Amino acid sequence: MYGKVLPYKRRIHFDGNSLMNLAGTGTAPGVTQGYYLGTKTMSLLTATEKPVYFCYGVGGRRTQVLIDEFPTKILPNFQKGDIVVMWEITNHAHDETTDTTGVILYNKVVDYCNMDRSYGGYIILITGIARDMTGFDDANISDRIFACNALIRANASTICDGVADFGALSIFDSKADVANSTYYMTDRTHIKNAAYDFAAQTLATVIDTLLLSI
């Protein structure tokens, strides 16, 4: 049954880059508009009376910034047993231009998982999606993101409590997908509401599975 450890509603934090806080309505990337992925996912869960509560979150960050800010941005509002949903990878991939195997990206993700778990939290990772911001990213950025995704999948049972594999979804799993204007904005990095709506189904299922196991 739900809530075997904590009988009240589970608090869920949504942390990550601008994909975690952009509503996808076509406004400038990086503008906070209410954590669209979080609100969409929570609406799916609460519609079926899952014991969850939208707690808090930080967006627009690189992985290292999430690590650095955890003590000041997350921990003050954190309780043992909380669930953290973390979606980054792509911003860090922009910085690590020579990390063709994804190891550096992966190790930073693991550092964040370990930090969350050290305070008694549960963590769900979202894998990275293809991106190609014209004039900003190099041509190989999606390869590095996908390499990190492969490491997450291979080690998921030891580094986190669940994986929402957005990087394997048909709308996100190829460099060619960034040209699909149904799901991606013109910058080929940020995504539209249709993409969030599609992906939120996957995340809600992963959260529900975790709720049943803790």
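Note that the structure is a prediction, hence the values are computed from the model and not measured. Numbers given for residues are sequential positions, taken from 1 along each chain in its written order. In view of the model being predicted, local features appear only for residues whose pLDDT reaches at least 70, and side-chain atom pairs are presented and counted only at 80 or more, with totals across whole chains, interfaces and linings using the full set of residues. Note that water and hydrogens are dropped before the side-chain values are worked out from all heavy atoms of the structure.

A. Structural context of the overall build of the chain. Secondary structure follows DSSP: runs of H or I at least 4 residues long count as helices, runs of E at least 2 residues long count as strands, and numbering of each begins at the N terminus. Helix and strand counts for the chain come out as six helices and five strands. Its helices and strands taken in sequence order, the chain reads β-α-β-α-β-α-α-β-α-β-α from the N to the C terminus. Between buried and exposed lies partly exposed: a residue is buried under 20% and exposed over 50% of the maximum accessible area for its type, with that area taken using a 1.4 Å probe on protein chains only. A burial count over the chain gives 53% of its 214 residues as buried. When checking whether two residues touch, look at their non-hydrogen atoms; a contact exists if any pair is within 4.5 Å. A fraction of 75% describes how many contacts in the chain between residues 6 or more apart in sequence connect residues 24 or more apart. When the accessible area of the chain is evaluated, it comes to approximately 8,900 Å², of which 54% is carbon and sulfur surface. In short, Shrake-Rupley with a 1.4 Å probe defines the accessible areas, and a residue's cover is counted only from the protein chains shown.

B. Spotlight on the packing of aromatic side chains. Stacked, edge-to-face and tilted are the three classes for Phe, Tyr and Trp ring pairs, Trp counted by its six-membered ring, which pair at centre distances within 6.5 Å; planes under 30 degrees apart are stacked, over 60 edge-to-face, the rest tilted. Under the defined criterion, the tally for this structure stands at eight aromatic pairs. Note on Y36 and Y196: the rings are 5.4 Å apart at their centroids and 55° apart in plane angle, and the pair reads as tilted. Taken together, the residues Y36 in helix 1 (residues 36–47) and Y196 in helix 6 (residues 193–213) connect sequence positions 160 residues apart. Summarising the burial analysis for this pair, Y36 and Y196 share the class buried. Pairing W87 with F166 gives two aromatic rings, centres 5.1 Å apart and planes at 80°, and the pair type is edge-to-face. In this pair, W87 sits in strand 3 (residues 83–87) while F166 sits in the loop between strand 5 (162–164) and helix 6, placing the two residues 79 residues apart along the sequence. The pair formed by W87 and F166 is uniform in burial state, with each residue classed as buried. Joined through ring pairs, the aromatic side chains of F70, F78, Y112 and Y119 make up one cluster.

C. The packing of helix 1 against helix 6, seen in detail. To get an axis, a line is fitted to the C-alpha atoms, and for a helix only the part in contact is used. The angle between two axes follows their N-to-C directions and goes from 0 to 180 degrees. Contact geometry for helix 1 and helix 6: axes closest at 8 Å, N-to-C directions at 55°. By the angle class used here, helix 1 and helix 6 are oblique. When the axes of helix 1 and helix 6 are compared, the crossing they make is right-handed. Residue-level inspection shows Y36, L37, K40, T41, L44 and L45 of helix 1 in contact with helix 6, the latter providing N193, Y196, D197, A200, Q201, L203, A204, I207 and D208. Grouping the constituent residues of the contact of helix 1 with helix 6 by class yields nine nonpolar, three polar and three charged. Each angle is binned into one of four classes, with values under 35 degrees roughly parallel, values over 145 roughly antiparallel, values of 65 to 115 roughly perpendicular, and all other values oblique. By definition, turning the near helix anticlockwise from the far helix through less than a right angle yields a left-handed crossing, and turning it clockwise yields a right-handed one. Classes in brief: Ala, Val, Leu, Ile, Met, Phe, Trp, Tyr, Cys and Pro nonpolar; Asp, Glu, Lys and Arg charged; the others, Gly included, polar.

This is a description of form; function is not addressed.
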